[in-house]
Amino acid sequence: MLVPADLVIVGGGQAGLAASYWASRAGLRHVVLDAAPRTGDTWRLRYNSLRLFTPRSHSQLPGLALAGDPDGLPTKDEMAAYLEEYVRVHDLPVVRNARVESVRRGDDGFEVRTRDETLCARSVIVATGPFHTPRCPEWASRVPVHNQLHSSEYRSPSDVPGPRVLVVGGGNSGAQIAEELVVAGREVTWSQSAPPRFVPQTIFGKNLFWWLDRLGMLTAPGSSQRGRLLLRRGDPVIGTALPRLIRDGRLQLKPAATAPAVDGVSFEDGSSARFDGIVWSTGFAPDYDLLDLPGVLDEEGRPLHESGISRIDPRLRFLGLGWLTSRNSGLVGGVGADAQRLVAGLVRGRTPITRR
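Residues numbered from 1 in each chain as written. Predicted model: local features only at pLDDT ≥ 70, side-chain atom pairs only at ≥ 80, totals over all residues. Heavy atoms only, no water.

A. Representation of the sheet that holds strand 19 (residues 265-267) within the structure. Strand order across the open sheet formed by 3 strands is 18-19-20, with antiparallel pairing between neighbours. Edge positions in the open sheet fall to strand 18 (257-260) and strand 20 (272-273), since each of these has one partner strand only. Pairing between strand 19 and strand 20: 2 bridges, direction antiparallel. Within the sheet, the bridge partner assigned to Val265 lies in strand 20 and is Ala273. (Pairing = 2+ DSSP bridges. Helix = DSSP H or I, 4+ residues; strand = E, 2+ residues; numbered from the N terminus.)

Okay, structure coming up:
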């Protein structure tokens with residue numbers, strides 16, 4: 001059966017849906033392949049207490065407002081429901097339970113293979129985001145602590161039994177999990193490679209992201225002076241109660257965890273401690289094994305691209321990555337602008353897609 005289309009979008013999260021929105025408006029015949037059984041599962045399956053650190057005004061996609069207080073922080077379930085509504089309102093061509101097994105060269109573009117079919121299209125946008133394979137230190141399995149899990153597996157304090165818990169890794173996820181565990185009555189140690197930098201959620205009555213937006217910090221290119229400043233300083237921990245918990249002695253800080261110890265974990269300062277449970281909030285490794293396309297990835301398995309356009313073939317594009325063009329690229333509210341630009345470059349040279 002011949003299905004007229006020009007583009008396959010791999011990934012049905014916010015990046016893929018934003019690309020689909022702009023593809024629909026541009027008249028591109030396309031399909032979105034979502035590995036999940038339900039739109040929004042990338043949010044729905046994260047830890048129960050998760051709230052975005054961006055307000056609703058900066059957490060919405062083009063063409064549909066996120067209901068509620070614009071300055072309020074949406075929950076993960078709210079975001080999942082919003083993405084479902086986004087597909088419905090814009091009637092986006094999403095195919096669920098369609099995990100892509102390979103993308104390879106075709107006669108006039110690419111062949112995208114799932115378990116059930118092979119699709120052939122002139123262009124492909126890979127919108128699977130940066131969160132692929134949970135990453136822990138190679139020595140984690142040798143730590144004499146039975147209860148260990150990655151932050152992607154964490155749902156609530158009940159997942160980490162025992163009074164003494166170590167949270168390894170900075171960033172807002174590690175911070176939120178550490179705070180939740182303290183509030184739940186645990187003795188929490190928080191380990192990171194650099195001292196945390198805290199910033200308030202609200203400054204002079206305005207949300208932090210209102211100020212960043214007005215100052216042009218969110219859209220500043222990574223090569224600009226403002227972009228380089230943000231990259232050099234790294235992401236702060238936004239709007240938590242952790243500074244107070246640290247001052248009150250309810251949360252202990254430690255430098256980087258470096259190795260297993262006889263009774264627990266050793267740290268960069270030479271100390272060691274015993275723990276009943278560990279949450280590794282240590283990020284993710286890229287996994288683009290589905291790309292059977294020589295030369296499109298670097299030695300670490302990351303896409304080689306210029307602002308989302310593959311250096312090997314401009315018909316292959318990447319979306320939803322941090323700092324694709326600016327800090328905004330990694331935020332829900334910023335991915336729409338990147339999607340619009342990448343889709344606009346694909347409007348010419350449309351070629352139909354076939355299913356075999």
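Still more to cover.
B. Molecular detail of the nonpolar core. Core analysis: the largest hydrophobic core is formed by 74 residues, its most contacted members being Val8, Leu61, Val103, Val124, Ile125, Leu291 and Leu319. Considering each element in turn, this core owes the most residues, 7 residues, to helix 1 (residues 14-25). If near-sequence neighbours (up to four positions away) are discounted, Val103 is found in contact with Phe110, Glu111, Val112, Val124, Leu290, Leu291, Asp292 and Leu293. Core analysis: the next-biggest nonpolar cluster, separate from the first, contains 13 residues, Ala140, Ala257, Val265 and Ile278 among them. (Core = buried A, V, L, I, M, F, W, Y, C linked by side-chain atoms within 4.5 Å. Buried < 20%, exposed > 50% of the residue type's maximum accessible area, 1.4 Å probe, protein only. Contact = heavy atoms within 4.5 Å.)

C. Structural view of the pattern of salt bridges. One pass over the structure, following the stated rule, counts 21 salt bridges. Of the charged contacts, one joins Glu84 and Arg44 as a salt bridge, the two residues approaching to 3.5 Å between their closest N and O atoms. In this pair, Glu84 sits in helix 3 (residues 76-90) while Arg44 sits in helix 2 (residues 41-44), placing the two residues 40 residues apart along the sequence. Assessed through its relative accessible area of 29%, Glu84 is described here as partly exposed. Classification of Arg44 by relative accessible area gives buried; the value is 17%. Here Arg341 ties to Asp338 by a salt bridge, and the two come within 3.6 Å at their closest N and O atoms. Of this pair, Arg341 and Asp338 both sit in helix 8 (residues 335-344), separated by 3 residues, roughly a single helical turn. Look at the salt bridges and you will find they share partners, linking Arg105, Asp108, Arg122, Asp313 and Arg315 into a network. (Salt bridge = Lys/Arg side-chain N within 4 Å of Asp/Glu carboxyl O.)

D. Structural context of the packing of helix 1 against helix 3. The geometry of helix 1 relative to helix 3 is characterised by a closest axis approach of 11 Å and an angle of 15° between their N-to-C directions. Relative to helix 3, the element helix 1 is oriented roughly parallel. For helix 1 against helix 3, the interelement crossing comes out left-handed. Of the residues in helix 3, those touching helix 1 at Gln14, Leu17 and Tyr21 are Leu83, Tyr86, Val87 and His90. A class-by-class count of the residues in the contact of helix 1 with helix 3 yields 5 nonpolar, 2 polar and no charged. (Axes fitted to C-alpha atoms, helices over the stretch in contact; angles between N-to-C directions. Parallel < 35°, antiparallel > 145°, perpendicular 65-115°, else oblique. Left-handed = near helix turned anticlockwise from the far one by under 90°. Nonpolar A, V, L, I, M, F, W, Y, C, P; charged D, E, K, R; others polar.)

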